[in-house]
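These are the residues of each chain, in order.
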Amino acid sequence: MEDRLKTLSKVAAVTYGNYLCGYASSGDLAIDDMTFDSAPLKVLQFAVENREANLTFKLLDADDHAVSDVSRAAKVRSLVPVKFLWCRVRQSFAAVTQALLYLLLGIFGLIGLAITVKLYLHEQKKEAKRVQELVNGIIGIVKKQSLKHPAFIPISHVRDTLLTPDEKKGKGQLGSRRWEKAVRYLRLNESRLRTENQIIKGEEYVVWRWVSLHPSLLGSKERRSPTIEKSGNVPSGTGGLISSSEPESLEVERKVTTLRPQSPRQTTARTHLRTTVYESTDSTSTTTAEVRPRSRSDSRGRKSISLGPCTGWSNYARSCVEIVPPTQCLKLKNLALENTGNAGLDIAKDAVITRLTSFGFHVYSVDFDHKSEETAVYICCTNKEQAADVYRVFYEQKYNGEVVQVKFLTLEKYLERFPYLRPVLSYAA
């Protein structure tokens, strides 16, 4: 009986092994197919009764449910399949190949991810380099324009110069994004580039201006000029601070430049502008207005500055800007004062009168508000056309190293500050 049980177990194991290798359609050994034994039910009954714990197969009914009653069993399924050598080799090779395939897929995935990250970082570095080149180009154009007139350039002109037509197409294109990055970088990191609003040929533009200090204003060895007396007179040939280590030829040249407006004709014109508010064209009748007394001791909170070798006006060129004057009165702001209080404004006022005289202008009044803390000089011209010409004389000019701001002022506001001019303007009308 033991030998018959071993034979039955071996046949069931081979049948199930052939099924796993793909050689058979079913891995179960039907009881009706046990032709190798004359009484297979007795063998199964012997196995269940004597070796139930060590059985290498299990009994199944027709619905593939495990049973322990031999009378209900329809087939036997081995628990230890036996496979042929070639089947085992083939299955092992397939398993190893599948594992290697998964490993290679993982390796290639990691390599692809590393290449993608490297390309992304390379593109980011390349894009940052292009943005930096664009920033350098913007700075170069603005610095080059600062040596010309006017000393500013519209931002749109710089953009059209540096970007190609293909880069400017569409707001979301790469060129536009690169330009926005460059502008944002300049706004956050470049303090020497100032953004302003300027009127060019009657149209308002947002412009860039280079505002770095001129090398001539960076001298280290300087000495202060003699103290200004309480009368407000300034010694001839001095300009605030004079460098003690500069060559004699440069000092002589500055003295000549400083003394140039002191010719008899210009001195007479200056005296005329300071004392005579309006003079009639008729030589037989002259009307003068009394100039208000000035207080030279009250500083009104105005601050003085330390001036370098290049003091006074930056140059004597006239601007060609087109302007439609709304009124005949002008206001000059942002004047860098050599002294504190009204004494400094007296010097600035004399400089304005000298510049007007050098261009041949005769205006109604040049004065500053003695009650205001603002460092501004006011000009009342004879008409709007003359106001436009005077505007061009002071437009984009620097006084003591600071850009002077020129603005128009209504006649009503001008007369509120200087009411002594009302009878003169009434007489002129």
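Scroll up for the structure.
Everything in this summary refers to the structure shown in the same document. One numbering rule holds for all chains: residues counted from 1, following each sequence as written. Restriction of local features to residues with pLDDT of at least 70 applies here, the model being predicted, together with a cutoff of 80 or more for giving and counting side-chain atom pairs; totals for whole chains, interfaces and linings are based on all residues. Computation of side-chain values covers all heavy atoms of the structure but excludes hydrogens and water.

### As for the overall build of the protein chain
Keep this limit in mind: Under the DSSP-based scheme used, a helix requires at least four consecutive residues in state H or I and a strand at least two consecutive residues in state E, with every element numbered from the N terminus. Buried residues are those whose accessible area, probed at 1.4 Å on protein chains only, stays under 20% of the maximum for their type, while exposed residues exceed 50% and partly exposed ones sit between those limits. Residue burial considers only the protein chains on display, and all accessible areas are found by Shrake-Rupley using a 1.4 Å probe.
The helix and strand tally for the protein chain stands at 11 helices and 14 strands. Among the 429 residues that make up the protein chain, the fraction classed as buried is 37%. Looking at the protein chain as shown, the accessible area adds up to about 26,000 Å², and 54% of this sits on carbon and sulfur atoms.

### Looking at the environment of Leu-134
The cut-off we apply is this: The contact definition used throughout considers only heavy atoms, calling two residues in contact when any of these lie within 4.5 Å.
For Leu-134, the position within the fold is in helix α3 (residues 85-146). The spatial distance from the C-alpha of Leu-134 to the C-alpha of Ala-182 is 6.6 Å, given a sequence separation of 48 residues. In contact with Leu-134, other than residues within four places in its own chain, are Leu-162, Leu-163, Arg-178, Trp-179 and Ala-182.

### Focus: the nonpolar core
What counts is decided by this rule: What makes a nonpolar core is a set of buried Ala, Val, Leu, Ile, Met, Phe, Trp, Tyr and Cys residues whose side-chain atoms join them at distances within 4.5 Å.
The biggest cluster of nonpolar side chains holds 33 residues, and the ones touching the most others in it are Val-352, Leu-356, Val-366, Ile-379, Val-390, Phe-394 and Tyr-399. For this core, the leading source of residues is helix α8 (residues 342-358), giving 7 residues. Excluding residues within four positions of it along the chain, Leu-356 makes contact with Phe-361, Val-363, Val-366, Ile-379, Val-390 and Phe-394.

### Some words on the state of the cysteines
Let me state the cut-off plainly: By definition, disulfides here are pairs of cysteine sulfur atoms that lie within 2.5 Å.
Taken as a whole, this structure holds 1 disulfide when the rule is applied. Covalently, Cys-21 is tied to Cys-87 through a disulfide, its sulfur atoms 1.7 Å apart. Between Cys-21 and Cys-87, the disulfide has an S-S torsion of -100° and is therefore left-handed. Taken together, the residues span a long stretch of sequence, with Cys-21 in helix α1 (residues 2-21) and Cys-87 in helix α3 at a distance of 66 residues. Given a relative accessible area of 6%, Cys-21 falls into the buried group. Free cysteine: Cys-329, not disulfide-bonded; nearest cysteine sulfur from Cys-380 at 4.1 Å.

### Things to note about the pattern of salt bridges
Oppositely charged side chains can pair when the atoms bearing their charge come close. Definition in use: When a carboxyl oxygen of Asp or Glu lies within 4 Å of a side-chain nitrogen of Lys or Arg, that pair is called a salt bridge.
Evaluation of the coordinates by the stated rule reveals 13 salt bridges. Here Lys-75 ties to Asp-28 by a salt bridge, and the two come within 3.6 Å at their closest N and O atoms. Pair noted here: Lys-75 is in strand β3 (residues 75-78) and Asp-28 is in the loop between α1 and β1 (29-30), with a separation of 47 residues, a long-range link. Grouping residues by exposure puts Lys-75 and Asp-28 together as buried. Each of Asp-28, Asp-64, Lys-75 and Arg-77 takes part in salt bridges that share partners, so that together they form one network.

### Side note on α3
As a reminder, the rule being used: Expected span of a helix: the number of residues minus one, times 1.5 Å.
Here α3 contains 62 residues, and its C-alpha end-to-end distance of 91 Å stays within 8% of the 92 Å for a straight helix at 1.5 Å per residue. Restricting attention to buried positions, one finds in α3 the residues Cys-87, Glu-127, Val-131, Leu-134, Val-135, Ile-138, Ile-139, Val-142 and Gln-145. On the buried face of α3, the contacting elements are α1, β4 (152-154), α4 (155-162), α5 (174-189), β5 (193-200) and β6 (203-210).

### Side note on the packing of aromatic side chains
As a reminder, the rule being used: Note on aromatic contacts: the rings of Phe and Tyr and the six-membered ring of Trp form a pair at centre separations within 6.5 Å, being stacked when their planes are under 30 degrees apart, edge-to-face when over 60 apart, and tilted otherwise. A ring is considered to have a charge above it if a Lys NZ or an Arg CZ atom is located within 6 Å of its centre and within 35 degrees of its normal.
Taken as a whole and judged by the stated rule, the model has 10 aromatic pairs. Both rings, one in Tyr-378 and one in Tyr-414, keep their centres 6.4 Å apart while their planes meet at 75°; by these two values the pair is edge-to-face. With Tyr-378 in strand β11 (residues 377-380) and Tyr-414 in helix α10 (residues 411-417), the pair connects residues that are 36 residues apart, well separated along the chain. For the residue pair Tyr-378 and Tyr-414, the accessibility class agrees, reading buried in each case. When the ring of Tyr-378 is compared with that of Phe-418, the centres are 5.5 Å apart and the planes differ by 65°; the resulting orientation is edge-to-face. Residue Tyr-378 is found in strand β11, and its partner Phe-418 is found in the loop between α10 and α11 (422-428); the two are separated by 40 residues along the sequence. Residue Tyr-378 is classed as buried on the basis of its relative accessible area, which comes to 1%. The buried category is assigned to Phe-418, whose relative accessible area is 0%. Taken together, the aromatic side chains of Tyr-378, Tyr-414, Phe-418 and Tyr-420 make up a single cluster linked through ring pairs. Over the ring of Phe-394 we find Arg-355; its NZ or CZ atom is 5.9 Å from the centre of that ring.

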